[in-house]
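Structural description and commentary
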Amino acid sequence: MKRIVWNQLDQAQRAACLARPGAEGQAEVEAAVRRVFDQVRADGDTALRALTRRFDGVELAAFEVTPEEFAAGVASVPASLREALSQARERLITWHRAGMASEFEVDTAPGVRCGRILRPIRRVGLYVPAGTAPLPSTALMLGVPAALAGCDEVVLCTPPRADGSADPAVLAAASLCGIRRVFKLGGGQAIAAMALGTDSVPRCDKLFGPGNRFVTAAKQLAAMMSGGPAIDMPAGPSEVLVIADAGAPPVHVASDLLSQAEHGPDSQVILLTNDAALLDAVNDEVLRQLAELPREAIATRALEFARLVLVDSLDDAFAISNDYAPEHLILALRQPREWLGQVSCAGSVFLGDYAPEGLGDYCSGTNHVLPTNGAARAWSGVSVASFQKTISLQEVSREGLALIGPCAVEIARAEGLEAHAQSVLRRLETAS
């Protein structure tokens, strides 16, 4: 892993240090995704079959998981995993329910009552990756808030396995969330199918879920379509940034870095510390633990983009972190809560030595579908609100119109919109 002394870098070198992997090939990724969309737009299911054959090496006659396949898949999942998924679901429900928005009404003036109502998005499309590993946890992270929001229809796409089936653990997680429509589709073609609609796959109003660079680019392209679906956020390759002090256990910090590195070769891990000895100890511990991992080859490739950064102070570390805006931020500090006020840009924060990022990925209760690639500067992770629309309302009495109508007329005429003014004035004439 590359070691860096922050105060020895100029501005350009600092920007290069924090650059995400893969940016140099983004134009090619976007062009490939546009071709996929063009194919699906032109040929629908026929294109989906050809793309699945090409990218997944599987020939599928039908994409949707049948009730028989669903039942058999769920039954094949070990009871211990089904129980773990069930426990994780309950914690997700607890956390998401606590953060749900509420409807309200308020009198903004005598005779003028304004409010907000909540309505679920009618049809949502969920993407559950299964590139180098299936992610049943993502089915929970998306399915639980969709259920709490009350969405009328939930569609889930996940890549097929080599034998043409959907991953049983993903089906088990989907079943726990009440999801019944699952399609064996992956990558950009899955996003295109849910964005455009085909004979088999229904067109969705909003798309959710993380994925690789192609999936992220496909979601962004879908969101730019005229009349196209909304998306939850840019949620691409995973990343973690750890801020650690001299008391942080190197074995913990190293395991946190590796837990993200094993996601995929385009993941990024960064350590910021003001203790040079910890930097050396973590480096050694990463190499020791790396050799024990089943996904050593994948993690090794990701570590090419890793950064071990020595800073002058923890204040500097938080400034760097806020500029980077990590998906996951781990505060391996002795008094982590005392530093929480300095965090302004992060997808999810993990406090102290006993809150590994792995708990947030699976079962602490928070959602692991989070903004990546710096999007945490402005975007938030998935919540129940992500699956809802807020609709404002106003009810005005005759007296309320007389009270605030002149205000509207004044502003309308300042903007040169006389019809707006007249819509108020004609009512004022009849209200007196």
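As a reminder, the structure under discussion sits directly above these lines.
Now for a look at the structure at hand. (Residues numbered from 1 in each chain as written. Predicted model: local features only at pLDDT ≥ 70, side-chain atom pairs only at ≥ 80, totals over all residues. Heavy atoms only, no water.)

Quick look at the sheet that holds strand S9 (residues 239-244)
The condition that has to hold: Strands were regarded as paired on the criterion that DSSP finds at least two bridges between them. Each helix is a run of DSSP H or I of at least 4 residues and each strand a run of E of at least 2, with the numbering of both proceeding from the N terminus. Axes here refer to lines fitted to C-alpha atoms; in helices the fit is confined to the stretch in contact. Angles between the N-to-C directions go from 0 to 180 degrees.
Taken together, the six strands give an open sheet; going across it, the order is S1-S11-S10-S9-S12-S13, and neighbouring strands pair in parallel fashion. Only two strands of the sheet have a single neighbouring strand rather than two, namely strand S1 (2-5) and strand S13 (348-351). Here the average twist between neighbouring strands, direction ignored, is 15°. Two strands pair when backbone bridges link them, and S9 and strand S12 (residues 328-332) are joined in this way by five bridges, in the parallel orientation.

So, helix H9 (residues 250-261)
Here is the rule: Take the number of residues in a helix, subtract one, and multiply by 1.5 Å to get its expected span. The buried label goes to any residue with under 20% of its type's maximum accessible area, the exposed label to any with over 50%, and the partly exposed label to all in between, with areas taken from a 1.4 Å probe on protein chains only.
Taking 1.5 Å of rise per residue, 12 residues should cover 16 Å, and H9 covers 16 Å from first to last C-alpha, within 8% of that figure. Among all positions of H9, only Val-253, Ala-254, Asp-256, Leu-257, Leu-258, Gln-260 and Ala-261 are buried.

Observations concerning the side chain of Ser-321
Our working rule: In what follows, a contact means two residues having at least one pair of non-hydrogen atoms within 4.5 Å.
If you trace the backbone, Ser-321 turns up in helix H12 (residues 314-324). The class for Ser-321 is buried, based on a relative accessible area of 1%. Not counting residues within four places of it along the chain, the set of residues in contact with Ser-321 comprises Leu-241, Ile-243, Leu-272, Pro-326, Leu-329 and Cys-345.

Topic: helix H6 (residues 168-176)
We apply this condition: Residues adjacent in sequence count toward polar contacts only when both atoms are side-chain atoms; beyond that, a polar contact is any pair of N or O atoms within 3.5 Å, and within protein one must be able to donate a hydrogen and the other to accept it.
Among the nine residues in H6, seven count as buried, and that is most of the element. Taken together, the buried positions of H6 are Pro-168, Ala-169, Val-170, Leu-171, Ala-172, Ala-173 and Ala-174. The N-cap of H6, judged by a side-chain oxygen 3.0 Å from the amide nitrogen of Ala-169 a few residues on, is Asp-167. The positive-phi residue at the C-terminal boundary of H6 is Gly-178, with phi of around 80°.

Looking at the packing of helix H2 (residues 26-56) against helix H7 (residues 187-196)
Quick note on the threshold: The labels follow the angle: roughly parallel below 35 degrees, roughly antiparallel above 145, roughly perpendicular from 65 to 115, and oblique for the rest. Helix crossings are classified by the rotation of the near helix relative to the far one: an anticlockwise turn of less than a right angle makes the crossing left-handed, while a clockwise turn makes it right-handed. Polarity classes work like this: nonpolar for Ala, Val, Leu, Ile, Met, Phe, Trp, Tyr, Cys and Pro, charged for Asp, Glu, Lys and Arg, and polar for all others, with Gly in that last group.
Where H2 meets H7, the closest approach of the two axes is 9 Å, and the angle between their N-to-C directions is 150°. Considering the angle they form, H2 stands roughly antiparallel to H7. In this structure, H2 crosses over H7, and the sense of that crossing is left-handed. Contacts between H2 and H7 involve Val-36, Phe-37, Val-40, Arg-41, Leu-48, Leu-51, Thr-52, Phe-55 and Asp-56 from the former and Gly-188, Gln-189, Ile-191, Ala-192, Ala-193, Ala-195 and Leu-196 from the latter. Taken together, the residues of the contact of H2 with H7 break down into 11 nonpolar, three polar and two charged.

Some words on the pairing of strand S6 (residues 181-184)
Applicable threshold: The crossover handedness rule: strands pointing away from the viewer, path from first strand over the helix to second strand clockwise, crossover right-handed.
Both strand S5 (residues 153-158) and S6 contribute to a ladder of four bridges, which runs parallel. Bridge pairing links Cys-157 to Phe-183 in S6. For the crossover from S5 across H6 to S6, the handedness is right-handed.

A word on the layout of surface pockets
Filter applied, for reference: The way it works is a 1 Å grid over only the protein atoms, where trapped points that fit a 1.4 Å probe form a cavity and open points with protein on both sides within 12 Å along at least five of seven lines form a pocket, and then any residue with an atom within 4 Å of a point lines it. Grid points are joined across faces, edges and corners, and a volume is the space filled by probe spheres set on the points.
Quantified by volume, the second largest pocket comes out at close to 340 Å³. Lining of the second largest pocket is provided by 19 residues; of these, Gln-26, Arg-213, Thr-216, Pro-237 and Asn-373 occupy positions nearest its centre. Counting residues per element, the ones that place at least two in the lining of the second largest pocket are H2 and helix H8 (213-224). Among the elements that line the lining of the second largest pocket, the one with the most residues is H8, at four residues. Here the residues of the lining of the second largest pocket are counted per class, giving five nonpolar, nine polar and five charged.

A word on the pattern of salt bridges
Convention followed: Definition used for salt bridges: Asp or Glu carboxyl oxygen within 4 Å of a side-chain nitrogen of Lys or Arg.
The final tally for this structure, using the stated rule, is 19 salt bridges. The residue Arg-113 makes a salt bridge to Glu-105 at a minimum N-O spacing of 2.8 Å. For Glu-105, a relative accessible area of 44% gives the class partly exposed. A salt bridge links Arg-413 to Glu-418; its shortest N-O distance comes to 3.0 Å.

Quick look at the packing of aromatic side chains
The description of an aromatic ring pair uses the distance of the two centres, along with the angle that the planes make with each other. As a reminder, the rule being used: When two rings of Phe, Tyr or Trp (its six-membered ring) have centres within 6.5 Å they constitute a pair, described as stacked for plane angles under 30 degrees, edge-to-face for angles over 60, and tilted for the intermediate range. Two conditions define a charge located above a ring, namely a distance within 6 Å from the ring centre to NZ of Lys or CZ of Arg, and an angle within 35 degrees of the ring normal.
If you walk through the whole model with that rule in mind, you get two aromatic pairs. The interplanar angle of 5° and the centroid separation of 3.8 Å between the aromatic rings of Phe-208 and Phe-387 together place this pair among those described as stacked. Placement of the pair is Phe-208 in strand S7 (residues 206-208) and Phe-387 in the loop between helix H14 (357-362) and strand S14 (388-396), with a sequence separation of 179 residues. The pair Phe-208 / Phe-387 is uniform in exposure class, with both members buried. Each ring, one from Phe-318 and one from Trp-339, has its centre 5.3 Å from the other, and the planes form 0°; the classification is stacked. Here Phe-318 is found in helix H12, whereas its partner Trp-339 is found in helix H13 (residues 336-339), with 21 residues between them in sequence. You can call Phe-318 buried: its relative accessible area is 1%. Over the aromatic face of Tyr-324 sits the side chain of Arg-20, whose NZ or CZ is 3.6 Å from the ring centroid. Here the basic side chain of Arg-180 rests over the ring of Phe-70, its NZ or CZ set 6.0 Å away from the ring centre.

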